[in-house]
Amino acid sequence: MPQVLFDDVKLNDTLSLKNRILMAPLTRCMADDNLVPTDDMVKYYARRAEAGLIISEATIIRPDAQGYPNTPGLFTSAQIAGWKKVTDAVHANGGKIFAQLWHVGRVAHPHFFGGDVLAPSAIGIEGSVPRMRELTYQTPKAATTEDIAQLVADYAKAAENAIEAGFDGVEIHGANGYLIDQFLHYASNQRTDEYGETPENMSRFALQVTDAVIASIGGERVGLRLSPGAYFNMEGDQRDRAVFDYLLSALNNRTLAYVHVGIFDDSMEFDYLGGSASAYLRSLYKGTLVGVGSYTAESGAEAIEKQQFDLLAIGRPFIANPDYVEKVRKGQAIKAYDESMLATLE
Ligand SMILES: Cc1cc2nc3c(=O)[nH]c(=O)nc-3n(C[C@H](O)[C@H](O)[C@H](O)COP(=O)(O)O)c2cc1C
């Protein structure tokens, strides 16, 4: 048993975790047609309460944030009530849970909400919605400054709703090519106003959302996921490095629970970052860092011991093994993940 994973950790005065294993956010597309969490989702999360912290599947902050079928929301009273059942069940089993707050930006599809697709710039992505391949992506509308102010307010409102729903905090989804990340990369942000062209301007939306969420629920309960290395729904650009350099130095002046790497395989190296995404974040961010991406308990514990990051998030193995933490503790074999497991909520 890798002992370092089972240390208690006090992240701050508000948040202590019983171990260093986080359940990574995992979209499952199993909410009901009103985007309300179901009773099967209550059981799914409750079974995983041994994690030091569960991060919920990405949860949309408003209707036009949606890009995949049946992803849960946090903007109606029924959705808040549905999540309350999830958080109560996780707490009853001794766990903690954050809500991951999501807007997909240009990865949205009007099929789900019947309106404009908003993004920093009118630059679309190729392809179509997974599981609904007939829905090809559209060229988005460049958000106006009024649209942006409303988006910032809607993130803050969703964070308040998350607290009302009993979550212990929120993780702002700033990674994986979705809305916030679209402002942070040159390939998707070609604005010429105060949200584009320079590192400071391109970081502005991410920082405004972060500050608004901190103001509404307190920074000790706020995590932020970032993908400095473009790898999903995004093209990298050498110039992106300066944007993240700026953003991270600004984040060092704020109180957050943690920053979380958004990556599928942390052995990926990015030329413009001078190595892996986690090594780059560690070199600049002074607070708690959550690592993730094709780790086992053993390789993750080793990375923590080498101080590459502080907490380990586990994704796919948690789908395959609801009792992942227990198995690691007891040294039992971990069942391998395979994609067919996405069909049901075990
Ligand atoms: C089915 C599936 C759904 C995912 N959904 C999300 C999500 O909602 N939000 C997010 O930030 N990352 C999401 N991810 C990425 C994971 O959080 C994680 O970074 C990735 O799976 C790598 O970790 P692992 O190797 O331990 O699985 C998803 C990954 C998978 C496989």
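Residues numbered from 1 in each chain as written. Predicted model: local features only at pLDDT ≥ 70, side-chain atom pairs only at ≥ 80, totals over all residues. Heavy atoms only, no water.

- As named in an unreviewed UniProt entry, the protein chain is Alkene reductase, taken from Pseudoalteromonas piscicida.
- One UniProt comment on the protein chain, placed under Cofactor (unreviewed entry), says "FMN". (UniProt positions renumbered as here; feature names shortened; annotations may be inferred.)

**Considering helix H3 (residues 145-164)**
(1) Moving on: Here H3 contains 20 residues, and its C-alpha end-to-end distance of 29 Å stays within 8% of the 28 Å for a straight helix at 1.5 Å per residue.
(2) Moving on: Taken from the residues just after H3, Gly166 is the one with a positive phi, measuring 90°. (Helix = DSSP H or I, 4+ residues; strand = E, 2+ residues; numbered from the N terminus. Expected span 1.5 Å × (residues − 1).)

**Description of the pattern of salt bridges**
(1) Moving on: Scanning all chains against the criterion turns up 19 salt bridges.
(2) Moving on: Put simply, Asp7 and Arg20 hold a salt bridge, and the shortest N to O gap is 4.0 Å. Placement of Asp7 in the segment before strand E1 (9-10) and of Arg20 in the loop between strand E2 (16-17) and strand E3 (21-23) is noted, with a sequence separation of 13 residues between them.
(3) Moving on: A salt bridge links Arg329 to Glu50; its shortest N-O distance comes to 3.3 Å. With Arg329 in helix H10 (residues 324-330) and Glu50 in the loop between helix H1 (39-46) and strand E4 (53-60), this pair connects stretches of sequence that are 279 residues apart.
(4) Moving on: We classify Glu50 as partly exposed; its relative accessible area is 32%.
(5) Moving on: The network of salt bridges with common partners includes Lys18, Glu50, Glu326, Arg329 and Lys330. (Salt bridge = Lys/Arg side-chain N within 4 Å of Asp/Glu carboxyl O. Buried < 20%, exposed > 50% of the residue type's maximum accessible area, 1.4 Å probe, protein only.)

**What about the UniProt feature "domain: NADH:flavin oxidoreductase/NADH oxidase N-terminal" (unreviewed entry) in the protein chain?**
(1) Moving on: Look at the UniProt record and you will see "domain: NADH:flavin oxidoreductase/NADH oxidase N-terminal" (unreviewed entry) annotated at residues 5-332.
(2) Moving on: From the first C-alpha to the last, residues 5-332 spans 15 Å; its make-up is 34% helix and 16% strand.

**Thoughts on the nonpolar core**
(1) Moving on: Among the nonpolar cores identified, the biggest contains 128 residues, and Leu5, Phe205 and Leu251 are the most heavily contacted of them.
(2) Moving on: Broken down by element, this core gets its largest block of residues, nine residues, from helix H5 (residues 199-217). (Core = buried A, V, L, I, M, F, W, Y, C linked by side-chain atoms within 4.5 Å.)

**A few points about the pairing of strand E11 (residues 222-226)**
(1) Moving on: Most of E11 is tucked away, with five of its five residues classed as buried.
(2) Moving on: Side chains of E11 alternate between two faces, with Val222, Leu224 and Leu226 and Gly223 and Arg225 buried alike.
(3) Moving on: Here four bridges tie E11 to strand E12 (residues 258-261), and the two strands are oriented parallel to one another. Across the sheet, the residue bridging to Gly223 is Tyr258, located in E12.
(4) Moving on: Handedness of the E11-helix H6 (residues 240-251)-E12 crossover: right-handed. (Pairing = 2+ DSSP bridges. Right-handed = clockwise from strand over helix to strand, strands pointing away.)

**Quick notes on the packing of aromatic side chains**
(1) Moving on: Overall, the coordinates contain 17 aromatic pairs when judged by the stated rule.
(2) Moving on: Between Tyr44 and Tyr45 the ring centres are 4.9 Å apart and the planes differ by 80°, which places this aromatic pair in the edge-to-face class. Comparing Tyr44 with Tyr45 shows no difference in burial state: the two are buried.
(3) Moving on: Residue placement shows Arg239 over the ring face of Tyr186; its charged tip is 4.0 Å from the ring centre. (Phe/Tyr/Trp six-rings, centres within 6.5 Å; stacked < 30°, edge-to-face > 60°. Lys NZ or Arg CZ within 6 Å of the ring centre and 35° of its normal.)

**Side note on the site of the ligand**
(1) Moving on: Around the ligand, 19 residues are found, and the nearest of them are Thr27, Arg225, Ser294, Gly315 and Arg316.
(2) Moving on: For the ligand, an oxygen atom lies 2.6 Å from a polar atom in the backbone of Ser294.
(3) Moving on: Between Arg316 and the ligand, the recorded distance is 2.7 Å, taken from a backbone N or O atom to an oxygen atom.
(4) Moving on: Considered on its own, the ligand offers 600 Å² of accessible surface; in the complex 91% of this is hidden by protein.
(5) Moving on: Residues belonging to the shell around the ligand are distributed by class as follows: 10 nonpolar, seven polar and two charged. (Near = heavy atom within 4 Å. Polar contact = N/O pair within 3.5 Å; in protein donor to acceptor, adjacent residues only side chain to side chain. Areas by Shrake-Rupley, 256 points an atom, 1.4 Å probe, with all protein chains shown as cover. Nonpolar A, V, L, I, M, F, W, Y, C, P; charged D, E, K, R; others polar.)

**Thoughts on H6**
(1) Moving on: Here H6 spans 17 Å end to end across 12 residues, near enough to the 16 Å set by a 1.5 Å rise per residue.
(2) Moving on: Buried within H6 we find Asp240, Val243, Phe244, Leu247, Leu248, Ala250 and Leu251. All buried residues of H6 lie within an arc of 160° about the axis, which places them on one face of the element.
(3) Moving on: Where H6 is buried, its residues meet helix H4 (179-184), H5, E11, E12 and helix H7 (277-284). (Arc of directions from axis to C-beta. Contact = heavy atoms within 4.5 Å.)

**Concerning unusual backbone geometry**
(1) Moving on: For Cys29, which is not glycine, the phi torsion reads 55° and is therefore positive.
(2) Moving on: Overall, Cys29 belongs to the buried group, its relative accessible area being 12%.
(3) Moving on: A positive phi angle, near 55°, is found at Asn176, a position not held by glycine.
(4) Moving on: Residue position: Asn176 is located in the loop between strand E10 (169-174) and H4.

**Notes on the packing of H5 against H6**
(1) Moving on: Two elements in contact, H5 and H6, have axes separated by 9 Å at closest approach and are oriented at 40°. Between H5 and H6, the angle falls in the class oblique. Here the hand of the crossing between H5 and H6 comes out right-handed. Contacts between H5 and H6 involve Pro199, Glu200, Met202, Ser203, Ala206, Leu207 and Thr210 from the former and Ala242, Val243, Tyr246, Leu247, Ala250 and Leu251 from the latter.
(2) Moving on: Residues that form the contact of H5 with H6 fall into these classes: 10 nonpolar, two polar and one charged. (Axes fitted to C-alpha atoms, helices over the stretch in contact; angles between N-to-C directions. Parallel < 35°, antiparallel > 145°, perpendicular 65-115°, else oblique. Left-handed = near helix turned anticlockwise from the far one by under 90°.)

**Points about the environment of Leu342**
(1) Moving on: Locating Leu342 in the fold gives a position in the segment after H10.
(2) Moving on: Judged by its relative accessible area of 22%, Leu342 is partly exposed.
(3) Moving on: Spatially, the C-alpha atoms of Leu342 and Cys29 are 9.1 Å apart, while their sequence positions differ by 313 residues.
(4) Moving on: Excluding anything up to four places from it in sequence, Leu342 contacts Arg28, Met30, Arg131, Ile319 and Tyr337.

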